[in-house]
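Below, each chain spelled out in residue letters.
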Amino acid sequence: MSALLSFLLAMPIQTAEAAGGGHVAQPVYHDETGKAQYSHFPVPLSVYEQEEKEAGITGVWDKLVFRVQKDPFNLAVTLVFLGAIIHTFLAGKFERISHHLALKHKAKLQKSGYRIMHPEERRPISFLSAVFHFLGEVEAVFGIWIIPFLFVCNRYYSFEDFKLYLNYDCSFTEPLFVMVVMIIASSRPVFKLAESVLHLGARLGQSTPSSWWLSVMCLSPLLGSLITEPAAMTIGALLLAKKFYNLKPSKPLMYATLGLLFVNISVGGTFSSFAAPPVVMVAEKWGWDTMHMIGHFGWKALVAILISNFVYFVIFRKEFRRLNELNAATISNFGDAVPLAWEDRKDSIPIWVTIAHVFFLGWTVYFSHVPALFIGGFLFYMGFTLTTPQFQNNMTIKVPMMVAFFLAGLVILGGVQAWWLQPVLVGLNADFVMVGATILTAFNDNAAVTFLASTVPDLSDSVRYAVVAGAVTGGGLTVIANAPNPAGQAILGKFFKGINPLWLFAFAIFPTLIVYVLFTCFGT
C-alpha cells in the first residue's frame, strides 16, 4: 500500500512552477488552440508546416528530410523509440537468459553448501539475473528507454527542457487512470459481479471452459464501451486466466486467444464515445456522440467480433473438447473440496459491498479525465477495503503499477514522434488512409494516431472515419498498439513465460482482417 501511495505522489503534477526551479515557467510555444508548450522540444508541427509552405516542400519524404535537417533531435528520439520497439521483441530472450543465470547461481549456492539459518533470511540471488529479468519485463521496456531519451534531450537541448517536458507537456492522466481502474476492476467484489454476468453466457454451454471462452470473448469487449476498455480488459483477462489458461491449452490456442482478445477489446469500445482512448481523442472535437459511434462503428465491430470468435472456435474445436473433458475430470476428482487458495473461496459478498465497489469504479470512469477526483476517490476506496477485509482479496498493485509505468514511458517517447507521424498520415491518399492508420497503430498507441489526425484542420468525413477505423482495427496487432493491451499481457503473461510478439502478431492478423473488411465494405 505504501508503495502505491509513493508512486501516486511521485507522478509529475502540472503546476505553475518549473520542476526544481521555484520560478514560474514561461510557455515557449502555443498551438492553434492556444495550448501552451513549456519545453523547447518538440518543435510544433505548425512551425514546420509554415516553413515548408514557404519553401514549397510538399512530398512526404521531402518533409521528413527537411524536419530532420532543421532539428536532428527528431531523428535521434525516433531511433530511441525504435530501440524500445526492438527491445519488446527481445524481451523473451532476456527472460530466458535471466532464468539460465538464476539456475546457474542456485547450483553454485548448493555446491558451496549454503543454508538459510533464519526463517526471515532471504536466499541471495544473482544480480545479473535480476538485471536481465528486468530487461525481459515488457511493461518496463519503454520506461527503461527513457534513460537514453534523457541523454538525447540533454545533448540537443538541456536537462531543464527535459524536466519541463515531463512536468508540463506530458499528460500522465491515462497511465494513472488505467492503474486505478485495473486495481478496482480486479477486486474480489467487482470480479465476482463480472463473473456472474459473464456466467449467464457460459451457462448456455453448461459452464465448460469452451463456453466460458466464448462468453468472455463476446461479452467482455462490449463491456468496454460501458466501463472503459482498460476495465474490460482487466476483467476479461482475469476470467480467462481462471477459467481457461489454468487448464494449460496448447501454445497456438493460447496465442490465438490473446490476439483475439486484444483485437476484440480494441474494437469493442466503439459502441460509445467515451470508452476507447482513440475515440476519446476525437469525439468531442469532431462532434461524434454515442449514437454516431453505434451507427458508424459499433454494429460493424459486433459482427466482426462474432465472426472471428466463431472461426477460431471452429478451428480449435478439438482442443476445446479436450479442455472440456479435462475440466470435467478435475471437477469429478475434487468435487466440492475446499479451494487450495483463499482467493478462490466461494462465500457470498453482501450486496452493499458490491454496490460500493461499483460506485467507486463508476466514479473513476466518470472522472477519468480529472486526476484529482479519481485519485481522491481511489484513496477513499482503499479506506473502504480496509474496513471490509473479510470480503476482499489482497490488493494487487504490482501489475497495475507496471502497466502504468509502461504507458507513462509510451507517453514520454510517443510524444516526440509527431514530426514523422503527421506527414505520413496526412500525406496518404484518402483511399489508403485506413491502411496507413492500421499499420502506424501497430508501432504506436492508436490514441496517438487519432490525436494527430484531430489536429489537422478540414479533414473530410471519409478521412476521419478511415483514421479512427484504422486505429481501432490495428489495436490488437502489438502490445503497444492499444492502451489496455499491457494490462492483458501483464495478467496473462505468466502462462506464456514470455510473450513472443511475432506469434501474437500472427494470430491477431485474422481477426484484424475481418474488422478491416467490415469497416471498409460498409464505410461511412
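Given the structure is predicted, the values throughout are model-derived calculations rather than measurements.

## A short note on the overall build of the protein chain
For step 1, the next point in the chain: Tallying secondary structure elements over the protein chain gives 25 helices and 2 strands in all.
For step 2, the next point in the chain: On C-alpha atoms alone, the protein chain measures out to a radius of gyration of 24 Å, which is about the 24 Å that the 2.2 N^0.38 rule sets for 524 residues.
For step 3, the next point in the chain: If you line up the protein chain on its principal axes, its C-alpha atoms span 80 × 60 × 45 Å.
For step 4, the next point in the chain: Taken across its 524 residues, the protein chain has 51% of its residues classed as buried.
For step 5, the next point in the chain: Sequence separation of at least 24 residues holds for 79% of the intrachain contacts in the protein chain that already meet a minimum separation of 6.
For step 6, the next point in the chain: When the accessible surface of the protein chain is summed, it comes to about 24,800 Å², and 66% of that surface belongs to carbon and sulfur atoms.
For step 7, the next point in the chain: Charge centroids of the protein chain, computed over 35 positive and 32 negative side chains, lie 15 Å from each other.

## Thoughts on a nonpolar patch on the surface
For step 1, the next point in the chain: Taken together, the side chains of L75, L79, L82, I86, F89, L90 and L502 define a hydrophobic patch exposed on the protein surface, amounting to about 630 Å² of accessible area.
For step 2, the next point in the chain: Residue contributions to the nonpolar patch peak at 6 residues, all from helix 4 (residues 73-112).
For step 3, the next point in the chain: The residue L502 is located in helix 25 (residues 501-521) in this model.

## Considerations on the side chain of T354
For step 1, the next point in the chain: Within the secondary structure, T354 is located in helix 17 (residues 351-366).
For step 2, the next point in the chain: Residue class for T354 comes out buried when judged on its relative accessible area of 11%.
For step 3, the next point in the chain: The contacts of T354, once residues within four sequence positions are left out, are P189, L193 and I349.

## A short note on unusual backbone geometry
For step 1, the next point in the chain: Residue P42 is reached from F41 by a cis peptide bond, and omega for that bond is -10°.
For step 2, the next point in the chain: Its location among the elements puts P42 in the loop between strand 2 (36-37) and helix 2 (45-55).
For step 3, the next point in the chain: The backbone of S207 sits at a positive phi, close to 60°, despite the residue not being glycine.
For step 4, the next point in the chain: Structurally, S207 is set in the loop between helix 10 (188-202) and helix 11 (209-227).
For step 5, the next point in the chain: The class for S207 is partly exposed, based on a relative accessible area of 25%.
For step 6, the next point in the chain: Non-glycine residue K248 carries a positive phi angle of around 60°.
For step 7, the next point in the chain: With respect to the helices, strands and loops of the structure, K248 is situated in the loop between helix 12 (229-243) and helix 13 (251-268).
For step 8, the next point in the chain: Classification of K248 as exposed rests on a relative accessible area of 69%.

## Details of the environment of A25
For step 1, the next point in the chain: One can find A25 in the loop between helix 1 (2-10) and strand 1 (29-30).
For step 2, the next point in the chain: What makes A25 buried here is its relative accessible area of 8%.
For step 3, the next point in the chain: Taking the C-alpha atoms as reference points, A25 and S39, separated by 14 residues in sequence, lie 9.5 Å from one another.

## Side note on the side chain of S126
For step 1, the next point in the chain: Positionally, S126 belongs in the loop between helix 4 and helix 5 (127-135).
For step 2, the next point in the chain: Judged by its relative accessible area of 15%, S126 is buried.
For step 3, the next point in the chain: Discounting chain neighbours no more than four positions away, the residues touching S126 are L101 and H105.

## With respect to the nonpolar core
For step 1, the next point in the chain: In this structure, F142, F149 and L492 are the most contacted members of the largest nonpolar core, which totals 99 residues.
For step 2, the next point in the chain: Looking at which element gives the most residues to this core, the answer is helix 9 (residues 173-185), with 10 residues.
For step 3, the next point in the chain: Beyond its immediate chain neighbours, meaning those up to four positions away, F149 contacts F41, F73, V77, V80, F162, Y165, I412, L413 and V416.
For step 4, the next point in the chain: Counting 47 residues, the second-largest nonpolar core is a separate cluster that includes L45, A283, I305 and V463.

## Things to note about helix 9
For step 1, the next point in the chain: Taking 1.5 Å of rise per residue, 13 residues should cover 18 Å, and helix 9 covers 18 Å from first to last C-alpha, within 8% of that figure.
For step 2, the next point in the chain: For helix 9, the tally of buried residues reaches 12 of 13 residues, placing the bulk of the element in the interior.
For step 3, the next point in the chain: Buried within helix 9 are the following residues: T173, P175, L176, F177, V178, M179, V180, V181, M182, I183, I184 and A185.

## Considerations on the pattern of salt bridges
Pairing between side chains becomes possible if they bear opposite charge and their charged atoms approach one another.
For step 1, the next point in the chain: Applying the stated criterion to the full structure yields 8 salt bridges.
For step 2, the next point in the chain: One salt bridge in this structure joins K192 and E195, with 3.5 Å as the shortest N-O distance. Residue K192 and its partner E195 are both found in helix 10; the two are separated by 3 residues, about one turn of the helix.
For step 3, the next point in the chain: A salt bridge links E195 to K242, with the nearest nitrogen and oxygen atoms 3.4 Å apart. Taken together, the residues span a long stretch of sequence, with E195 in helix 10 and K242 in helix 12 at a distance of 47 residues.
For step 4, the next point in the chain: Using a relative accessible area of 10% as the deciding quantity, one classes E195 as buried.
For step 5, the next point in the chain: Taking the relative accessible area as the measure of exposure, K242 reaches 29% and is therefore partly exposed.
For step 6, the next point in the chain: A single salt-bridge network, built from bridges that share partners, covers K192, E195, K242 and K243.

## Overview of the environment of L428
For step 1, the next point in the chain: Here L428 shows up in the loop between helix 20 (418-427) and helix 21 (433-443).
For step 2, the next point in the chain: Those residues within four positions of L428 in sequence are excluded, and the remaining contacts are V433 and G436.

## A few points about the packing of aromatic side chains
For step 1, the next point in the chain: All chains considered together, the criterion is met by 40 aromatic pairs.
For step 2, the next point in the chain: Plain terms: the ring middles of F359 and W363 are 6.1 Å apart, the flat faces sit at 45° to each other, and that makes the pair tilted. Residue F359 and its partner W363 are both found in helix 17; the two are separated by 4 residues, about one turn of the helix.
For step 3, the next point in the chain: Given the relative accessible area of 29%, W363 is considered partly exposed.
For step 4, the next point in the chain: Chaining the aromatic ring pairs together yields one cluster made of W213, F244, Y245, Y255, F313, F320, F495, F496, W503 and F507.
For step 5, the next point in the chain: In this structure, K251 packs its charged tip against the face of W503, placed 4.1 Å from the ring centre.

## Some remarks on the packing of helix 4 against helix 19 (residues 398-414)
For step 1, the next point in the chain: For the pair helix 4 and helix 19, interaxial distance at closest approach is 10 Å and the crossing angle is 150°. On the basis of the axis angle, helix 4 is roughly antiparallel to helix 19. Contacts from V80, F81 and A84 in helix 4 reach L410, L413 and G414 in helix 19.
For step 2, the next point in the chain: A breakdown of the residues in the contact of helix 4 with helix 19 according to their chemical character gives 5 nonpolar, 1 polar and no charged.

What counts as what
- Note on numbering: residues in each chain are counted from 1, in written sequence order.
- With pLDDT at 70 or above as the cut-off, local features in this predicted model cover only qualifying residues; side-chain atom pairs require 80 or more to be listed or tallied, and sums for whole chains, interfaces and linings still use all residues.
- To obtain the side-chain values, all non-hydrogen atoms of the structure were included, while hydrogens and water were left out.
- Secondary structure counts use DSSP, requiring at least four H or I residues in a row for a helix and at least two E residues in a row for a strand, with both numbered from the N terminus.
- For a compact globule the rule gives 2.2 Å times the number of residues to the power 0.38, and the radius of gyration it is set against comes from C-alpha atoms.
- Only protein chains enter the area calculation, which uses a 1.4 Å probe; residues under 20% of their type maximum are buried, those over 50% are exposed, and those in between are partly exposed.
- Two residues qualify as a contact provided that any one of their heavy atoms is within 4.5 Å of a heavy atom in the partner residue.
- Methods summary: accessible areas were calculated by the Shrake-Rupley approach with a probe of 1.4 Å, and residue burial reflects only the protein chains presented.
- In this tally, Asp and Glu contribute negative charge and Lys and Arg positive charge; neither His nor the terminal groups of the chain are included.
- Here the site of a charge means atom NZ of a Lys, CZ of an Arg, CG of an Asp or CD of a Glu.
- Each patch is assembled from residues with relative accessible area greater than 30% and no salt bridge, linking like charges that lie within 9 Å and nonpolar side chains (Val, Leu, Ile, Met, Phe, Trp, Tyr) that lie within 5 Å.
- Just to be clear on terms, a salt bridge is a Lys or Arg side-chain nitrogen sitting within 4 Å of an Asp or Glu carboxyl oxygen.
- In these notes, a set of buried Ala, Val, Leu, Ile, Met, Phe, Trp, Tyr and Cys residues joined through side-chain atoms within 4.5 Å is what counts as a nonpolar core.
- Any helix carries an expected span of 1.5 Å times its number of residues minus one.
- Only Phe, Tyr and Trp rings take part, Trp by its six-membered ring, and two of them pair if their centres are within 6.5 Å. Stacked means planes under 30 degrees apart, edge-to-face means over 60, and tilted covers everything else.
- In this analysis the charged atom, NZ for Lys or CZ for Arg, is taken to sit over a ring once it is within 6 Å of the ring centre and within 35 degrees of the ring normal.
- Working convention: axes come from line fits to C-alpha atoms, limited for helices to the stretch in contact. Angles between N-to-C directions cover 0 to 180 degrees.
- When an angle is under 35 degrees it counts as roughly parallel; over 145 it counts as roughly antiparallel; between 65 and 115 it counts as roughly perpendicular; any other value is oblique.
- When residues are grouped by polarity, Ala, Val, Leu, Ile, Met, Phe, Trp, Tyr, Cys and Pro land in nonpolar, Asp, Glu, Lys and Arg in charged, and all others, Gly among them, in polar.

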